[in-house]
Amino acid sequence: MTEAIIKKYIPMTETTYYTLCAVKEPRHGYAIMQFVNRLTEDRIQLRNGTLYTMLGRLVKDGIIEIVSEEKGKKTYQITKDGISLMLREVKRLRYQLENGIEVFGQELLEEKLNGREKKDKNFL
């Protein structure tokens, strides 16, 4: 994987992140949308235009590949370079989260105890 690809994708957008999570297993476009909706509890809802543009870019950059194509339905899966990229992003996010907890730990604990996370899908 080239340095240019790393710079292009890190930091990663949420839509790219969750799409790559979805294609850890082979999935076609609609199944990717369903997986992301389910995983994010409908917080992120991919639309056709966004998804297929992104899939084309990810294939072109070697992050995912088309593993089958039947009757115009393409099935995608993450490549070794894609997995490497995800591991970099997860490490970056983990470090970022640890910093946030270090700085705001008490406030986050108080919010959790007050039950805010159950009312607000965008809270943690």
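Residues numbered from 1 in each chain as written. Predicted model: local features only at pLDDT ≥ 70, side-chain atom pairs only at ≥ 80, totals over all residues. Heavy atoms only, no water.

S.K.: What exactly am I supposed to notice about the pattern of salt bridges here?
M.R.: Any two side chains of opposite charge can pair, given that their charged atoms come close. Per the counting criterion, the structure on display carries four salt bridges. Across the pair Asp61 and Lys8 runs a salt bridge whose closest N-O atoms are separated by 2.7 Å. One end of the pair, Asp61, is in the loop between α4 (48-60) and β2 (64-70); the other, Lys8, is in helix α1 (residues 3-9), and 53 residues separate them in sequence. For the salt bridge of Glu98 with Arg94, the shortest nitrogen-to-oxygen distance reads 3.2 Å. Residue Glu98 and its partner Arg94 are located together in helix α5 (residues 80-113), separated by four residues, close to a single helical turn. Arg94 sits in the exposed class, given a relative accessible area of 57%. (Salt bridge = Lys/Arg side-chain N within 4 Å of Asp/Glu carboxyl O. Helix = DSSP H or I, 4+ residues; strand = E, 2+ residues; numbered from the N terminus. Buried < 20%, exposed > 50% of the residue type's maximum accessible area, 1.4 Å probe, protein only.)

S.K.: Honestly, the pairing of strand β3 (residues 73-78) in this entry has me stumped. Any pointers?
M.R.: In regular strands, side chains alternate between the two faces of the sheet. Alignment of strand β1 (residues 27-28) against β3, held across two bridges, turns out to be antiparallel. Looking across to β3, one finds that His28 is bridged to Thr75. In terms of strand pairing, β2 meets β3 through six bridges, oriented antiparallel. Bridging across to β3, Glu70 finds its partner in Lys73. What sits between the antiparallel neighbours β2 and β3 is a turn of two residues, in which Lys71 has the positive phi angle 50°. (Pairing = 2+ DSSP bridges.)

S.K.: Help me understand the sheet that holds β3, please; the structure alone is not making it clear to me.
M.R.: Note on sheets: strands pair through backbone hydrogen bonds, and any given pair is parallel or antiparallel. As summarised here, the arrangement of the three strands in space is β1-β3-β2, forming an open sheet in which the pairing is antiparallel. The sheet terminates laterally at β1 and β2, the two strands that pair on one side only.

S.K.: I would appreciate a short explanation of the packing of helix α2 (residues 14-22) against α4 in the present structure.
M.R.: Axis angle and axis distance: for two packed helices, these are the angle between their axes and the distance between the axes, and together they describe the pair. Two numbers describe how α2 lies on α4: the axes approach to 11 Å, and their chain directions differ by 70°. As the angle between them shows, α2 and α4 are arranged roughly perpendicular. Across the interface between the two elements, Thr15, Thr16, Thr19 and Leu20 from α2 touch Leu51, Met54, Leu55, Arg57 and Leu58 from α4. Within the contact of α2 with α4, the residues separate by chemical class into five nonpolar, three polar and one charged. (Axes fitted to C-alpha atoms, helices over the stretch in contact; angles between N-to-C directions. Parallel < 35°, antiparallel > 145°, perpendicular 65-115°, else oblique. Contact = heavy atoms within 4.5 Å. Nonpolar A, V, L, I, M, F, W, Y, C, P; charged D, E, K, R; others polar.)

S.K.: Hey, could you run me through unusual backbone geometry in this one?
M.R.: Across the chain, the bulk of peptide bonds are trans and the bulk of non-glycine residues have phi less than zero. Of note, the amide linkage connecting Ile10 to Pro11 takes the cis form, showing an omega dihedral of 0°. Relative to the elements of secondary structure, Pro11 occurs in the loop between α1 and α2. Here the phi dihedral of Asp42 falls at roughly 65°; this positive angle occurs in a residue that is not glycine. Backbone geometry at Lys71 places phi at a positive 50°, although glycine is not the residue there. Among the secondary structure elements, Lys71 is positioned in the loop between β2 and β3.

S.K.: Looking at this model, I keep getting lost on α4. Mind explaining?
M.R.: Each α-helix winds once per 3.6 residues, and so residues spaced three or four apart point in a common direction. Helix length check: α4, at 13 residues, gives a terminal C-alpha distance of 18 Å against a target of 18 Å (1.5 Å per residue), a fit within 8%. All of the buried residues in α4 are Leu51, Met54, Leu55 and Leu58. Buried residues along α4 cover an arc of 105° about the axis, so they all sit on one side. Opposite the packed face of α4, turned more than 90 degrees from it, sit the exposed residues Thr53 and Lys60. Where α4 ends, the next residue or the one after it, Gly62, has phi of about 80°, a positive value. (Expected span 1.5 Å × (residues − 1). Arc of directions from axis to C-beta.)

The analysis is restricted to geometry; functional conclusions fall outside its scope.
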